[in-house]
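Here's the letter readout for the chains.
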Amino acid sequence: MPGPIQSIERAAAVLRLLARGSGHHGLTEIADSLGLARGTAHGILRTLQRVEFVEQDQATGRYRLGAALLHLGTSYLDANELRSRSINWADTLAARSGQEVRIGMHHDGAVLVVHHVFRPDDSVQTLGIGAMLPLHATALGKVLLAYDPDLSAAARRRELTSLTRRTITRTQALERVLTEVRAQGWAGEAEEYMPGEASIAAPIRIPGGLVVGAIGISGPVDRLCDAAGRPRATLVRQVSQAAEAVTTSLVDEN
């Protein structure tokens, strides 16, 4: 039997490196991290660019995962699978946070809610499974936009609908927010989707680091945010831990 093909192993190593950390790496950094000659690393990156598995930022020259690879990642799980593998952690998050929990993934330019756990109190609530939420005005949507360059580019090309007086409608402002989401690893919003409501979300990843969905909580602003309007640190930590638990379960399954 033939042995492993070294060029494929090296290309896989490059993709794994780009899936970690900030997801933006320079040629020298990639070559040094993998112990490759600069010419070899550049040849691999150029080939991966040709098949759209890698993209290069024209302004900085740094590399990131390409849209084609991200879309392959989202096909790894369908909505039912994502729901079934996340359901226990969603229940736990609702109990810990005292808020309703949604799990969402991208579908047709919006966030498709694939699972919804009611807030654990006696208030009247409506089941939200199957609902389509705006990408730019929800924490779930911001997570999905932040980690999918193709999706965020499409969002920048169309008008951002104003839903409340706090909704982000300028593409430059949205891009700044998405940069913050990638830096901190979670997203939040307050009264951008519905007056008096706020939400917090974090990414769900598959092996290799690709984001395939998001898990988050939503509820009254005064419960989710402090006096300055910032998401409460305890809730951010709980949401992030739930997302990490779902991600770990997906990795362990494979």
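Just above sits the structure.
What counts, and where the lines are drawn
Residues numbered from 1 in each chain as written. Predicted model: local features only at pLDDT ≥ 70, side-chain atom pairs only at ≥ 80, totals over all residues. Heavy atoms only, no water. Axes fitted to C-alpha atoms, helices over the stretch in contact; angles between N-to-C directions. Helix = DSSP H or I, 4+ residues; strand = E, 2+ residues; numbered from the N terminus. Parallel < 35°, antiparallel > 145°, perpendicular 65-115°, else oblique. Contact = heavy atoms within 4.5 Å. Nonpolar A, V, L, I, M, F, W, Y, C, P; charged D, E, K, R; others polar. Pairing = 2+ DSSP bridges. Buried < 20%, exposed > 50% of the residue type's maximum accessible area, 1.4 Å probe, protein only. Polar contact = N/O pair within 3.5 Å; in protein donor to acceptor, adjacent residues only side chain to side chain. Core = buried A, V, L, I, M, F, W, Y, C linked by side-chain atoms within 4.5 Å. Salt bridge = Lys/Arg side-chain N within 4 Å of Asp/Glu carboxyl O.

For any two helices packed against each other, the geometry comes down to the angle between their axes and how far apart the axes lie. Contact geometry for helix H1 (residues 6-18) and helix H3 (residues 38-50): axes closest at 10 Å, N-to-C directions at 80°. Classed by the angle they form, the pair H1 and H3 counts as roughly perpendicular. Contacts between H1 and H3 involve Arg 10, Ala 11, Val 14 and Leu 15 on the former and, on the latter, Thr 40, Ile 44, Leu 45 and Leu 48. For the contact of H1 with H3, the per-class residue count stands at six nonpolar, one polar and one charged.

With five bridges connecting them, strand S3 (residues 100-107) and strand S8 (residues 211-220) associate as antiparallel partners. Opposite Val 101, over in S8, you have Ile 217 as the bridge partner. Of the strand pairs in this sheet, S3 and strand S4 (residues 110-117) are connected by seven bridges, and their pairing is antiparallel. In the strand pairing of S4, His 107 is matched with Ala 110.

What follows concerns the environment of Ser 218. Topologically, Ser 218 is positioned in strand S8. Given a relative accessible area of 9%, Ser 218 falls into the buried group. A C-alpha to C-alpha distance of 7.9 Å links Ser 218 and Arg 102, two positions 116 residues apart in sequence. Apart from the residues within four sequence positions on either side, Ser 218 is in contact with Gln 99, Glu 100, Arg 102, Ala 198, Ser 199 and Leu 224. A polar contact is formed between the side chain of Ser 218 and the side chain of Arg 102, at a distance of 2.7 Å.

Core analysis: the largest hydrophobic core is formed by 47 residues, its most contacted members being Val 101, Ile 200, Ile 204, Ile 215 and Ile 217. Per-element accounting of this core gives the leading share, seven residues, to helix H10 (residues 233-253). Among the nonpolar cores identified, the runner-up in size contains 24 residues, and Leu 133, Ala 139, Ala 187 and Val 211 belong to it.

Further remarks concern the pattern of salt bridges. Tallying each qualifying case throughout the model produces ten salt bridges. Between Asp 121 and Arg 119 there is a salt bridge whose closest N-O contact spans 2.9 Å. Of the residues examined, Asp 121 reaches a relative accessible area of 34% and is grouped as partly exposed. Where Arg 166 meets Glu 191, a salt bridge forms, and the shortest distance between an N and an O atom there is 3.3 Å. Residue Arg 166 is located in the loop between helix H7 (149-157) and helix H8 (171-184), and its partner Glu 191 is located in the loop between strand S6 (187-190) and strand S7 (197-205); the two are separated by 25 residues in the primary sequence. A network of salt bridges, in which partner residues are shared, links Glu 100, Arg 102, Arg 119 and Asp 121.

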